[in-house]
Amino acid sequence: MKYFKTTFRSLKREKAFTLINLIGLSIGMFCFLVTALYVKDEVTFDRWHKNADQIYMATFHMQREDGEPFNVSPSYALFNALKKESPEVINAVNIDRNGWDNYKLGEEWIQTKDLYFTSSELFEVFDFSLKYGDSKTALNEPLSVVISSEVAETLFPGENPIGKNISLKNLGDLSVLGVLKPIPKNSHLQFDFIASINHPKSRYSNVLDDWVYGKGFSYFLLREGYSLDKLLRDTEELLERNGQKELAKNYDFLKFSDLYLSQKTGRYGNYMFGGQKKYIYIFSLIGGLILFVACFNYINLATSSSINTTKQMGIRKVIGASRSGLIANKMLETLFLAFFSLVIALIGVEIALPYVNELIGKQLTFNLVESPDLIALPALVLIVVVLISGIYPAVVLSSFNLSSVLRGVSRTSKSGIFKKSLIVLQFTICSGLLVAALAIRGQADFLINMDKGYNEENIMSMSLYQEGQKLNYETLKGKLLTIPQIEAITSSPLPIFPPPPPPSIVEIDGKKFAIFFLTGAADKNFNEMFQLEILEGTDFSQVPDSELSEVAIINETAKKKLGLNPAIGAKLPSGKRVIGVVNDFFYQSAKNEIDPASIEYSPRNFNNIQFSYREGNKDQVLAQVELSLKDFGLKSTPILSEVSGVFDDQSYYEAEATLKKIFNLLTGTVILVAFLGLFALASYETNAREKEIGIMKVLGANYLHLLKALNKHFFWLMFLAFAISLPVTFYLVEKWLQAFPYRLESLGSFGLTSVLTITTIAAIILGFHCYFSAQKNPVDVLKNE
């Protein structure tokens, strides 16, 4: 009990010390806990299936003309044959790729992105289970459907929906024969609707006997002690038997539990910071560094404040206190502070998690009832903080020589070196994070502001697909031409091309390759509006109407990758004749490398309508366009988008925009913690050197002399930190930038900004302390000597 009383009195006496460390440790623990929850969620993804390590997904890859592999759906005939004939396979299931559809809720159509086709083997291979229905028969009927518990509650609140019908726009009426139990959030397979693989519109019947291409993804549950080599041999034998032996080398089988973190699920989803090992490393490193900065602060402040407690310790030694007792007392003081900081951090986690989840696109929870094992995280962080923060100050303060203490002599040489090392580490972390934050912001802005390769000013675009119908392009064009402020009207695939079709096989220099070739349809006058730079040939405006359907314009990348020299007059894989080559332009975000693309005149494939308007007339034009569209019977206001702002939409650079926010917050947090520590440290050192300052003032020192004498060592330590952090951070940021085909060329300005920012803040804090110390009367400071 006496230790508790002593600890409480000590913390109460050092109020500033206690408050600063509570703030610092709370922030450090909060960041560590949030990042730990993220890492735990990532590394446990998909591992809740009891057979996760025995389930393998078949992959079938082909090769592009540049040597890069790409995956296509493996043969469905091979899937069925392996399921029946391979002794390695216990069971197997094929699950289609994410599908889009609309289901009817009352009179409203609701969109879903999670419609799948599969069979009842889904429930035998994986640990998905049904709340209602029989998993063995739920997907046997062609017009049956299994729905998620969330959809069931939306459509049939409080009811058992078995036997009821659901209307889907593309699939018609389906009978509900199963309702899924809630699927854990850390599963990359999430379903709204599961339709039968036997449904007439599943299109599996088209690939039943195809030994080259298939549909969906094939998952195999292998027996214990399986041999992948044997499975690959079975695959080769079956392909050889059916005349496709050369394809065997393109097959592989990937462990299901590894798919998510290797980014090979093949599924669409919001994986902004999920399924990428680099972000596990980044966030783990940042969470640990912020915690260490908080611990370093504690160590520095504890050793600096020892100036005020050494005589007290000396007296306690005189009256019989043992060194172990003094260490225990100091460790208990650290435990007290760490425990209360942990409580504050846990409250912060509970409050902040919804905002964190929204920011990073995850569904993290800290529910000890559902996941009792989570108690290990706060216990671990408490132990780490107490050990890192408490041991050194406790040992140092308890080791002062009794006679030296009572004479007022401190042993500062070793602790001084250690303290300086911690200051260097703190500012190394601060400057490194600031450079990273600035570089991420700079790269995002660089991508957004890149020249798109075409005119985008004062142009609006609208989809021709409105309210389930496709508007007639020529009719709409004629209607819009009556608006005086509109200068020109056209249709083009810009600014965003349609998704690429399946790869085409082309022959280059005697070798056959697969190539993804994007194709978009445009009106004859499209280039008058978009002004693509023509490198060779001409655009559609110079081609007779009778020949328009036979020609195409390609980008420079298409010319290079197809090896067209000369390009004009050459035939494309589609059979079109090249009449023009234009400079490369962006048809998607600049995060993706530009692929071969062609533009054709094909009115039946016009998907958009674009119009240019006179500058300064935007509002009037929009009002008149909306009025004109009412003649087409549209009930809702159509979405018109400015071509110049399409790629400014956060969805195209969501990860970069979010990473900017995260690094801004984390950098601000680290700087706050570090400079709180610097503020307190400067206070302690200034107090400890009051008599020295008084003597210097008596001898004629002015404010600048005092500022230099008191703080010179801090600035040297900061510049040492910069010398360490900048090369390391530049290297790591360069590694991150390599993922972008178009990126910043230099990081030097960000390093300079980081140095100036941190130096300026430090100068303000240290100058503030020095100013108030210089105001003290030397007589008052020295009168006790």
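Refer to the structure presented above.
Residues numbered from 1 in each chain as written. Predicted model: local features only at pLDDT ≥ 70, side-chain atom pairs only at ≥ 80, totals over all residues. Heavy atoms only, no water.

1. Some words on the overall build of the protein chain
Point 1. The helix and strand inventory of the protein chain stands at 22 helices and 25 strands.
Point 2. When the 785 residues of the protein chain are sorted by exposure, 50% land in the buried category.
Point 3. Surface accessibility of the protein chain: about 37,300 Å² in total, with carbon and sulfur atoms responsible for 56%. (Helix = DSSP H or I, 4+ residues; strand = E, 2+ residues; numbered from the N terminus. Buried < 20%, exposed > 50% of the residue type's maximum accessible area, 1.4 Å probe, protein only. Areas by Shrake-Rupley, 256 points an atom, 1.4 Å probe, with all protein chains shown as cover.)

2. Here's the deal with the pattern of salt bridges
Point 1. Going through the model one piece at a time under the given rule, you end up with 19 salt bridges.
Point 2. Across the pair Asp234 and Lys230 runs a salt bridge whose closest N-O atoms are separated by 2.9 Å. Within this pair, Asp234 and its partner Lys230 are both found in helix H6 (residues 228-241), separated by 4 residues, close to a single helical turn.
Point 3. Overall, Asp234 belongs to the buried group, its relative accessible area being 10%.
Point 4. The partly exposed category is assigned to Lys230, whose relative accessible area is 24%.
Point 5. The network of salt bridges with shared partners includes Asp41, Glu42 and Lys362. (Salt bridge = Lys/Arg side-chain N within 4 Å of Asp/Glu carboxyl O.)

3. What about the nonpolar core?
Point 1. Counting 118 residues, the largest nonpolar core has Tyr38, Phe273 and Phe585 as the members making the most contacts within it.
Point 2. Phe273 has contacts with Tyr38, Glu42, Tyr279, Phe283, Ile360, Ala655, Thr658, Leu659 and Ile662, leaving out every residue within four places of it along the chain. (Core = buried A, V, L, I, M, F, W, Y, C linked by side-chain atoms within 4.5 Å. Contact = heavy atoms within 4.5 Å.)

4. Notes on the packing of helix H3 (residues 76-85) against H6
Point 1. Contact geometry of H3 with H6 gives a least axis separation of 10 Å together with a crossing angle of 125°. Comparing the axis directions of H3 and H6 gives the class oblique. Note that H3 runs across H6; the crossing there is right-handed. For the pair formed by H3 and H6, the contact residues are Leu78, Ala81, Leu82 and Glu85 on the first element and Leu231, Asp234, Thr235, Leu238, Leu239 and Arg241 on the second. (Axes fitted to C-alpha atoms, helices over the stretch in contact; angles between N-to-C directions. Parallel < 35°, antiparallel > 145°, perpendicular 65-115°, else oblique. Left-handed = near helix turned anticlockwise from the far one by under 90°.)

5. A few points about the pairing of strand S21 (residues 551-555)
Point 1. Counting buried positions along S21 gives 5 out of 5 residues, so the element sits mostly inside the fold.
Point 2. Burial along S21 is two-sided: Val551, Ile553 and Asn555 facing one way and Ala552 and Ile554 facing the other are all buried.
Point 3. Sheet topology places S21 next to strand S22 (residues 577-582); 5 bridges connect them, and they run parallel. Bridging from a neighbouring strand, Asn555 pairs with Val582 of S22.
Point 4. As for the winding sense of the linkage, the β-α-β connection from S21 through helix H16 (residues 556-562) to S22 is right-handed.
Point 5. Pairing analysis gives 3 bridges linking S21 to strand S23 (residues 597-600), with the strands arranged antiparallel. Pairing of Ala552 across the sheet is with Glu600, part of S23. (Pairing = 2+ DSSP bridges. Right-handed = clockwise from strand over helix to strand, strands pointing away.)

6. What to know about the environment of Gln620
Point 1. Among the secondary structure elements, Gln620 is positioned in helix H17 (residues 618-629).
Point 2. For the pair formed by Gln620 and Gln485, sequence separation is 135 residues and the distance between their alpha carbons is 8.0 Å.

7. Considerations on the sheet that holds strand S13 (residues 459-463)
Sheet strands pair via backbone hydrogen bonds, and the direction of the pair is either parallel or antiparallel.
Point 1. Overall, antiparallel pairing links the 4 strands, which are arranged S16-S24-S13-S25 in an open sheet. In this open sheet, the two edge strands, each paired with only one partner strand, are strand S16 (486-490) and strand S25 (641-642).
Point 2. When S16 meets strand S24 (residues 608-613), the two strands line up antiparallel, connected through 4 bridges. Across the sheet, the residue bridging to Ile486 is Tyr613, located in S24.
Point 3. Relative to the sheet, H17 contacts S13, S16, S24 and S25, its axis offset from that of S24 by approximately 145°.

8. With respect to the sheet that holds strand S20 (residues 534-537)
Point 1. Pairing is mixed in the open sheet, where 5 strands are placed in the order S19-S23-S21-S22-S20. Each edge of the open sheet carries a strand with a single partner, namely strand S19 (518-521) and S20. With direction set aside, neighbouring strand axes in the sheet form an average angle of 30°.
Point 2. Pairing of S19 with S23, which is carried by 4 bridges, proceeds in the parallel orientation. Note that in S23 the partner of Ala521 across the bridge is Glu600.

9. Some points on unusual backbone geometry
Point 1. Along the chain, Leu494 connects to Pro495 via a cis peptide bond; the corresponding omega equals 5°.
Point 2. Tracing the backbone shows Pro495 in the loop between S16 and strand S17 (504-508).
Point 3. The residue Asn458 is not glycine, and still its phi comes out positive at about 55°.
Point 4. With respect to the helices and strands, Asn458 occurs in the loop between helix H13 (413-448) and S13.

10. A short note on the side chain of Asp101
Point 1. Note on placement: Asp101 falls in strand S4 (residues 99-105).
Point 2. For the buried residue Asp101, which engages in no salt bridge, the nearest side chain bearing the opposite charge is Lys169, 7.3 Å off.
Point 3. In terms of polar contacts, Asp101 uses its side chain to reach the backbone amide nitrogen of Lys169, at 3.5 Å.
Point 4. Beyond its immediate sequence surroundings of up to four residues, Asp101 is in contact with Ile110, Gln111, Thr112, Leu115, Leu168, Lys169, Asn170 and Leu171. (Lys, Arg positive; Asp, Glu negative; His and termini not counted. Polar contact = N/O pair within 3.5 Å; in protein donor to acceptor, adjacent residues only side chain to side chain.)

11. Observations regarding a nonpolar patch on the surface
Point 1. A contiguous nonpolar patch, built from Leu285, Leu720, Ile724, Val728, Tyr731 and Leu732 and spanning about 590 Å² of accessible area, is present on the exposed surface.
Point 2. Judged by relative accessible area, Leu285 falls into the partly exposed class, the value being 48%. (Patch = residues over 30% accessible without salt bridge, like charges linked within 9 Å, V, L, I, M, F, W, Y side chains within 5 Å.)

12. Description of the packing of aromatic side chains
In this description, an aromatic ring pair is defined by two values, namely the gap between the centres and the angle between the planes.
Point 1. Considering all chains together, one arrives at 30 aromatic pairs under this definition.
Point 2. Measuring from ring centre to ring centre gives 5.4 Å for Phe126 and Tyr219, while their planes differ by 75°; the resulting arrangement is edge-to-face. In this pair, Phe126 sits in the loop between helix H4 (122-125) and strand S6 (130-133) while Tyr219 sits in strand S11 (residues 217-222), placing the two residues 93 residues apart along the sequence.
Point 3. A ring pair is formed by Phe586 and Tyr742, whose centres lie 5.2 Å apart and whose planes are at 85°; its orientation type is edge-to-face. Of the two residues, Phe586 sits in the loop between S22 and S23 while Tyr742 sits in the loop between helix H20 (703-737) and helix H21 (748-774), which places them 156 residues apart along the sequence.
Point 4. Among the aromatic residues, those joined into a ring-pair cluster are Trp48, Tyr116, Phe126, Phe128, Phe191, Tyr219 and Phe256. (Phe/Tyr/Trp six-rings, centres within 6.5 Å; stacked < 30°, edge-to-face > 60°.)

13. Some details on H17
Point 1. Over its 12 residues, H17 extends 16 Å from the first C-alpha to the last, a length consistent with the 16 Å expected when each residue adds 1.5 Å.
Point 2. Val621, Leu622, Val625, Ser628 and Leu629 are the residues of H17 that are buried. Angularly, the buried residues of H17 cover 125° about the axis, an arc narrow enough to put them on a single face. Exposed and facing more than 90 degrees away from the buried side of H17 are Asp619 and Leu627. (Expected span 1.5 Å × (residues − 1). Arc of directions from axis to C-beta.)

14. Description of the side chain of Asp539
Point 1. Take Asp539: it is sitting in the loop between S20 and S21.
Point 2. Buried charge without a salt bridge: Asp539, with Lys524 as the nearest opposite-charge side chain at an N-O distance of 8.8 Å.
Point 3. There is a polar contact of 2.5 Å between the side chain of Asp539 and the side chain of Ser541.
Point 4. Other than its neighbours up to four places away in sequence, Asp539 contacts Asn527, Ile534, Ile553 and Ile579.

It is worth stressing that arrangement in space is one thing and function is another; only the former is reported here.
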